[in-house]
Amino acid sequence: MIATHDNILEVRHLSNRYEGRPLLRDVGFSLRQGEILSLLGPSGSGKTTLLRLLAGLETSDEGTVLFRGRDIADIPPHRRKFGMMFQEYALFPHMSVRQNVAFGLEMLHCPAREQAERVDAVLGMVGLTDFGHRHINELSGGERQRVALARSLAPEPELLLLDEPLGSLDRILRDRLATEIRAILKKLGVTAIFVTHDQAEAFSVADKIAVLRHGQLQQFDTPERLYRRPANVTVARFLGFTNLLAGRLDDSGYFQAEFGRLPVPNAGHAKEAATLLLRPEGARLRVLDDDAADNPRITGTVIARVFQGGTYRLTLQCGDTPLSFDLPIDPPPPAVGEPIDLVLNPAGLIVIDKEIPPPG
Amino acid sequence: MSRSRLLRRWLLFSPVLAFFALFYFYPLAKIGLLSFFPDSTWNPGQLHRLLGSPVYGRILWFTFWQAGLSTALTLFAALPGAYVFARYRFFGKDLIAALMTVPFVLPTVVTAAAFRSLLGPHGLLNTWLVDCFHLAAPPIRIDQTIWFFLLAHVFYNYSLVVRIVGSYWAGLDARLGAAATMLGASSRQTFRRITLPLLLPAIGSAALLVFIFCFTSFGVVLILGGPGYATLEVEIYRQAVQLFNLPMAAALSLIQIAVNFLLMWLHARLSRKSRTGFIADPASGAAGKADTLGRKVVIAGNILFMTLLLATPLAALVLQSISSGEGLTLAYYRALFTTAGNSIFFVEPIAAVGNSVGFAMLAMMLSVVAVSFATDFLAADRARGSSFWDALIMLPLATSAVTLGFGYIVALNRPPFDLRDSLALVPLAHTLVAFPFVVRCILPCLRQIPESLREAATLLGASPMSVLRHIDLAIALRAILVGAVFAFSISMGEFGASSFVARPHAPTMPVAIFRFLGQPGDLNFGQAMAMSTILMLVTCAGFWLIGRLDRWRNWPVVSTQDKKNDRLRI
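Residues numbered from 1 in each chain as written. Chains lettered and ligands numbered in written order. Predicted model: local features only at pLDDT ≥ 70, side-chain atom pairs only at ≥ 80, totals over all residues.

All right, on to the domain arrangement of chain A then. Residues and elements named next belong to chain A. Each assigned domain of chain A is listed with its residue range as follows: domain 1 (7-236) and domain 2 (241-352). A straight line from the C-alpha centre of domain 1 to that of domain 2 covers 39 Å. With 6 residues of domain 1 at the interface, the matching set in domain 2 holds 6 residues. (Domains from an automatic or database assignment. Contact = placed C-beta atoms within 7 Å.)

Facing 17 residues of chain B, the contacting portion of chain A comprises 17 residues. Going through the elements one at a time, α8 (174-182) and α9 (187-215) of chain B are the ones with two or more residues in the side of chain B that touches chain A. With 7 residues, the top contributor of residues to the side of chain B that touches chain A is α8(B). (Helix = DSSP H or I, 4+ residues; strand = E, 2+ residues; numbered from the N terminus.)

Bringing the environment of P15(B) into the picture now. Tracing the sequence through the fold places P15(B) in helix α1 (residues 3-36). Considered as a pair, P15(B) and V84(B) are 69 residues apart in the sequence and their alpha carbons are 48 Å apart.

All right, on to the sheet that holds strand β13 (residues 260-263) of chain A then. Residues and elements named next belong to chain A. Pairing within the open sheet is antiparallel, and its 5 strands lie in the order β13-β12-β11-β14-β20. On the outer flanks of this sheet lie β13 and β20 (349-352), each paired with one strand and no other. On average, each strand axis in the sheet is tilted by 40° relative to the strand beside it, whichever way the strands run. The pairing of strand β14 (residues 271-278) with β20 spans 4 bridges and is classified as antiparallel. Counted as the bridge partner of L278 is L349 from β20. (Pairing = 2+ DSSP bridges. Axes fitted to C-alpha atoms, helices over the stretch in contact; angles between N-to-C directions.)

Moving on: the domain arrangement of chain B. Residues and elements named next belong to chain B. With domains assigned, chain B is organised as domain 1 (1-42 + 329-570) and domain 2 (53-321). Contacts between the two partners involve 43 residues from domain 1 and, on the opposite side, 43 residues from domain 2. Elements supplying a minimum of two residues to the side of domain 1 that touches domain 2: α1, α17 (401-411), α20 (464-493), α21 (498-501), α22 (509-517), α23 (522-550) and α24 (561-565). The leading source of residues in the side of domain 1 that touches domain 2 is α23, at 12 residues. A breakdown of the residues in the side of domain 1 that touches domain 2 according to their chemical character gives 26 nonpolar, 14 polar and 3 charged. (Nonpolar A, V, L, I, M, F, W, Y, C, P; charged D, E, K, R; others polar.)

With that settled, the discussion passes to the nonpolar core. Counting 258 residues, the largest nonpolar core has V165(B), V438(B), I442(B) and I513(B) as its most contacted members. Not counting residues up to four positions away in its chain, the partners in contact with V165(B) are L79(B), A82(B), L199(B), A202(B), I203(B) and A206(B). (Core = buried A, V, L, I, M, F, W, Y, C linked by C-beta atoms within 7 Å. Buried ≥ 20, exposed ≤ 12 C-beta atoms within 10 Å, placed from the backbone.)

Before going further, it helps to spend a moment on the packing of α1(B) against helix α15 (residues 351-379) of chain B. Residues and elements named next belong to chain B. Orientation of α1 relative to α15, taken along the N-to-C sense of each, is 130°, at an axis distance of 8 Å. Between α1 and α15, the angle is such that the two are oblique. α1 and α15 meet at a crossing whose hand is left-handed. Together, R9, L12, F13, P15, V16 and F19 of α1 and A370, F373, A374, D376 and F377 of α15 make up the contact between the two elements. (Parallel < 35°, antiparallel > 145°, perpendicular 65-115°, else oblique. Left-handed = near helix turned anticlockwise from the far one by under 90°.)

Another aspect to go through is the sheet that holds strand β18 (residues 321-328) of chain A. Residues and elements named next belong to chain A. One open sheet holds the 5 strands; their spatial order is β15-β19-β16-β17-β18, and the pairing between them is antiparallel. Unpaired on one side and paired on the other, β15 (283-285) and β18 mark the two borders of the sheet. Strand-to-strand twist across the sheet, computed as the mean angle between neighbouring axes with direction ignored, equals 50°. For β15 and strand β19 (residues 339-344), the ladder comprises 3 bridges, and the chain directions are antiparallel.

The next point concerns the confidence of the model for chain A. Confidence along chain A averages 88 in pLDDT terms, with 95% of residues attaining 70 or more. Model confidence for chain A, summarised as mean pLDDT per element, is weakest for β13(A) at 82 and strongest for strand β3 (residues 36-40) of chain A at 95. (pLDDT = per-residue confidence, 0-100.)

So, in structure tokens, the structure goes:
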């Protein structure tokens, strides 16, 4: 791989083990100035380890991390000028909000006046203008989160690392703060990497997403591409897709499943063992004299119908496999036990790789 | 709450209150009376003279001074140990942790005996040095000096500081340090600006506790310091037992009580403060392996120091008990079974073991019964003024055993409470000393039981008695057992009160050891070592049992943190 100058961060073949157990295996990706990357994965996938490796709080066993083209292995964490926002924030309990935010500036020996201005500025940015003299114990969860963000932003880090920054907040607050964090980071043009296990959060904040599982990088892509084309079954499952059919792809562009075959456009070469993903929103009820007659169709019996507000989640039995689709509430889909005939959107059918087996 | 339930609680609680009134407040009040009315007339002049006298000013000053110095030395020795324990994993950590509980539970008399067996004129080290270098006199002359008991104080309190500060340190959220690092702080800056300020409450609390223990130190000062040194406690003992100057002893006790209460109050305030919420779950402060040579040296140095400080006196004690000039022998143990040629006992010394076990069983039963009576009252309605009663029954913790013992001999010596010649005084005193510890074992467990469990049992058809049996007792059984063993072990090692109230013909083991140590001659010394070894084994076995009980099954967790931090004052 050749270092290109637009890439601010390059991670190459990074591996790490803890007491013989591999935590990261050959992870590599790169990031451009100002991009926000989300490390997405279930707990134990190695995402926090990767973040701490980048921060310098852990050391890697193999691989290199280049920052602005320079290997940073020998730079101790406090000299890297990376900021980090911790899970549950790690705010200093014996200091006020202001002292917390000023700490990083003090470490830079920033003159007092400049410090004060900068602290006011970041506190204003996170909407805590009058909170400077509050004690940490007096803050709510959302306020603590803002203080932590302000503290990590105050010294103007070259790379901001966020470890599950919204993990301990409730759903509504999370959604609001996720959007706010993105707005602030984009306004400042900060390059950032944040760890999360919540795909909705990753989609709403990140420019790029790296999906990790069992310490392996499964896919590195933009949120949209990730959703449209999950690289393998692991990623697809993690994104919440359940309609996964095992089968084979023949050379005439048909996917052979156990209950029949479906045409898949642009699927590429024939594959003996492949998986077909049917996206849940890619189906509609077939009506008489349907114009899209050549679109793939699927028929079966409705076994469950759950009203979800804007849509029905309809599960049909089709051979041995239950498949679920989100259908509009009009026209009302058939009731449980009745036959159903669906037209599939060809773009909603994706042939993906099989699951990558866990190491060891 | 129903009226009958309230009545039941008070009915159960009142015997405990009566017990406290008679065997705690009455003796203390008597001390007060004795110091103000020495001859049954109002004569505060005695107290005046005392406070004005330079001798007693010196004693008070010396007591403060030696406690301060002991505290400083202990902190100096123990803080690196706390760091090592909090931050690193190393080979043998569990073993050393187990070894560190030994000083907690060692009776003071045994500690004194152990140090004399190591560093005394006939101690192991001196004998060895004399033999090796053919010296005319023992080169280490530390016996009967202040350094001897200061060393014993460090031995006693080292593990206390390591435990309090170490566990607090390990519990500090490691991410705070990482956060400071990420904000550009070097490891020194991180320590100075983050770690140290956060540790200060724990260090302060530990230091104050060490100060209190050293301020009220009795056994080791009396034995190791010799006649040249007197803390308040020792002086009370001398005035009362050797000089029979009861008013003077009473006046000194009064000062002791006042200072003690003040210190305990301070400690209660400080430890409440230090518990404010920045202790994360233990997992976040995970200890790691040492990675650099410097750190390995620090760890190895600390382990060596701990082993030397904690293990050598005990090893010397055991060794001295089984060896004479000619080699290994069980003669000292055998001598414990004979009365011949022994003028300091009316009975064979081994009877002391029987006495101690008997007293300890009695004290154990009494304290568990008393606590059971009290907990029903205390565990209920915490909201309304129960903290007052909590504080009241914890008062014996703030009273030195010497004061208590002295109070007994001045208060319970005439009708209607003429117990002076009765053997009952010993288990009664021990019950009071053990009471706060037993409360701390049992009460938190009972308070943890949610009321909904009892309500659920009631709605499933359980009568109040079966609720008590199937819910409260079933859940608290382990805590009650722990409390019982605790009381037993405390009673076995108690010396301060026993030195006043034990009858000459029925000595307890610590009293017997003290008498042996006060007599010249190899046989007496050897018997002191032998009996100390037995006592050490008994108390260690007791606390080993507590440790086992604590881990016994997956029963609702009783918080053991509190009681481990109280060192026994025995």
